[in-house]
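A closer look at the structure
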Amino acid sequence: MSRVAYVNGTYQAHGNAVVHIEDRGFQFADGVYEVWSVFDGKLADYEGHMQRLGRSLTELRIDIPMTAQALGVVLRETIRRNRVRNGIVYIQITRGTAPRDHAFPKGVAPSVIVTSKPIDLSKGEALAAKGAAAVSHPDTRWGRCDIKTVGLLPNALAKQAAREKGAYEAILYDEMGMVTEGSSTNAWIVDENGKLRTRDTQANILRGITRAAIMKLVAEEGIELDERAFSLEEAKRAKELFVTAASSFVMPLVSLDGEKIGDGKPGPIATLLRQVYLAQARREAI
Ligand code: PMP
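Reading guide: rules and limits
Residues numbered from 1 in each chain as written. Predicted model: local features only at pLDDT ≥ 70, side-chain atom pairs only at ≥ 80, totals over all residues. Heavy atoms only, no water. UniProt positions renumbered as here; feature names shortened; annotations may be inferred. 1 Å grid on protein atoms, 1.4 Å probe; cavity = no way out; pocket = protein on both sides within 12 Å on 5 of 7 lines; lining within 4 Å. Points joined across faces, edges and corners; volume = space filled by probe spheres on them. Helix = DSSP H or I, 4+ residues; strand = E, 2+ residues; numbered from the N terminus. Nonpolar A, V, L, I, M, F, W, Y, C, P; charged D, E, K, R; others polar. Phe/Tyr/Trp six-rings, centres within 6.5 Å; stacked < 30°, edge-to-face > 60°. Buried < 20%, exposed > 50% of the residue type's maximum accessible area, 1.4 Å probe, protein only. Lys NZ or Arg CZ within 6 Å of the ring centre and 35° of its normal. Expected span 1.5 Å × (residues − 1). Arc of directions from axis to C-beta. Contact = heavy atoms within 4.5 Å. Domains from an automatic or database assignment. Buried area = accessible area lost by both parts, 1.4 Å probe. Salt bridge = Lys/Arg side-chain N within 4 Å of Asp/Glu carboxyl O. Pairing = 2+ DSSP bridges. Right-handed = clockwise from strand over helix to strand, strands pointing away.

The protein chain appears in an unreviewed UniProt entry as Probable branched-chain-amino-acid aminotransferase from Brevundimonas terrae. Word for word, the UniProt comment on the protein chain under Sequence similarities (unreviewed entry) is "Belongs to the class-IV pyridoxal-phosphate-dependent aminotransferase family." Per its UniProt entry, the protein chain bears the Function (unreviewed entry) comment "Acts on leucine, isoleucine and valine."

Structural data, given as C-alpha cells:
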C-alpha cells in the first residue's frame, strides 16, 4: 500500500517526502511533535494532545500560521489517505528552514509534517498479557523535558540500551536514584504497601496525556493515587510496575534489570487500567 505524508501544505509519496537540509529540526532539534493513537480512523485523547502541542509551541515561541482546527483537518486527511484504521498519527512542527545560525531566524514559516501508520494492535495485546521487561538507565536529558521536543537523542540511547538487553522499555532515574519516567512513557508502581504511585509533574518529566487520562480513570475506579516520586529500589520491590503512553496505552512490566516484579505476571491494577483506558479511548476517539 502506498503511504502518503503531509509536508508543508502538500501530500507527497512517503518515499519522496523531504524537508530542507537547513531545516532547524535537522540542525538544532528546534521543533516539537505529538503522537495520537488512532482507533477506527479516529484520534484518541484528541484535545489533550492538541493542547500539549500548543503549549510546546508556545514554550519554544514557534508561531504557526495554522489553527488547531486546520491542523485537525490535516491529521484526519493524512489518516484517511493512508487508510489507517488502527495505528498512530504523528505531527512534527519545527521553526522552519533558515541559514544555519543558533539564534531564531526572523520571518520564517515553521515546517509542518504529518505521517500516519497502521499498528497491529494484537501484538501489543499479546505483550501486555504476558508483561514486558524493563531495564534501568540514567536520565541524561535536559532541564525542559516538559516540552515535547524532537531533541530525543538521550531517549533514543536509553531505548536502544533496553533493546540490546532484550527489554521493552528503559526506566530512567535521576542522580538520587529516583525514577523520572520511561524513555518514551510515564512510569507507575503499585508499591509494596499496595499504593498506586506515579511521579508528580513538578519534576522534569513529560506531562503524559495518557497519564492524565489514567489519573481520571483511577479516581473514577475509587483507587487512591499518590503522586509522588519512587526510587528504583521501590520499583524493584513493588507489587506492580507499568508504563503509559499514547502508543502503548498501559503496558505491565514484569521485570526490571532482570529482577522479577511481584509474581512476575501483569498485576490486577495494570490489567484493569489497560482495559478501562482502551475502552474509553475507543469510545471517545473523534
Ligand atoms: N514520557 C516521554 C519521555 C514520552 O516520550 C512519552 C510519549 N511520547 C510519554 C512520557 C507519554 O506521553 P503520552 O501519554 O502523552 O503519549
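The next thing to look at is the layout of surface pockets. Volume-wise, the second largest pocket comes out at about 440 Å³. In terms of lining residues, the second largest pocket is bounded by 19 residues, among which G48, I209, A212, A213 and K216 are the most central. Elements supplying a minimum of two residues to the lining of the second largest pocket: α2 (46-60), α6 (209-220) and α8 (268-284). When residues of the lining of the second largest pocket are assigned to their parent elements, the largest contribution, 6 residues, is made by α6. Taken together, the residues of the lining of the second largest pocket sort by class into 6 nonpolar, 4 polar and 9 charged.

Now for the packing of aromatic side chains. Throughout the structure, instances matching the rule amount to 6 aromatic pairs. Seen in terms of ring centroids, F249 and Y277 are 6.4 Å apart; in terms of plane orientation they differ by 35 degrees. Their pairing is tilted. Here F249, found in strand β14 (residues 249-256), pairs with Y277, found in helix α8; they are 28 residues apart in sequence, far enough to count as distant. For the pair F249 and Y277, one class covers both residues: buried. In this structure an aromatic cluster arises from ring pairing among F39, F249 and Y277. The ring centre of Y11 lies 4.0 Å from the NZ or CZ of R81, which sits over that ring.

Here α2 is 15 residues long and its end C-alpha atoms lie 22 Å apart, about the 21 Å a rise of 1.5 Å per residue gives. Looking at α2, one finds that the buried residues are Y46, H49, M50, R52, L53, S56, L57 and L60. What you see down the axis of α2 is that its buried residues fit within an arc of 160 degrees, all on one side. Exposed side of α2, more than 90 degrees from the buried face: Q51 and T58 are the residues found there. Structurally, α2 contributes buried residues whose contacts are with β3 (31-39), β4 (42-43), α3 (68-81), β5 (87-94) and α6. Of the residues one or two after α2, R61 is the one with positive phi, at around 55 degrees.

This part takes up the domain arrangement of the protein chain. Taken domain by domain, the protein chain consists of domain 1 (4-119) and domain 2 (124-284). Using only C-alpha atoms to locate each centre, domain 1 and domain 2 end up separated by 26 Å. Across the boundary between the two partners, domain 1 contributes 20 residues, which contact 21 residues of domain 2. Summing both sides of the interface, domain 1 and domain 2 together bury roughly 1800 Å²; the carbon and sulfur share of this comes to 61%. Taken as a group, Y33, F39 and R52 account for 35% of the area that domain 1 buries against domain 2, more than any other trio of residues on that side. Inspection of the domain 1/domain 2 interface yields 2 salt bridges. Here E59 makes a salt bridge to R144, at a shortest N to O gap of 2.8 Å.

Here we take up unusual backbone geometry. Backbone geometry places D40, a non-glycine residue, at a positive phi of 50 degrees. Its location among the elements puts D40 in the loop between β3 and β4.

Within strand β7 (residues 132-138), 5 of the 7 residues are buried, leaving the element largely enclosed by the surrounding structure. Summarising the sheet, β7 and β14 pair through 3 bridges and their orientation is parallel. Bridge assignment links A132 to a residue of β14, and that residue is L253. One ladder, built from 5 bridges, connects β7 with strand β8 (residues 169-173); its direction is parallel. Bridged to A134 within β8 is E169. For the crossover from β7 across helix α5 (residues 153-164) to β8, the handedness is right-handed.

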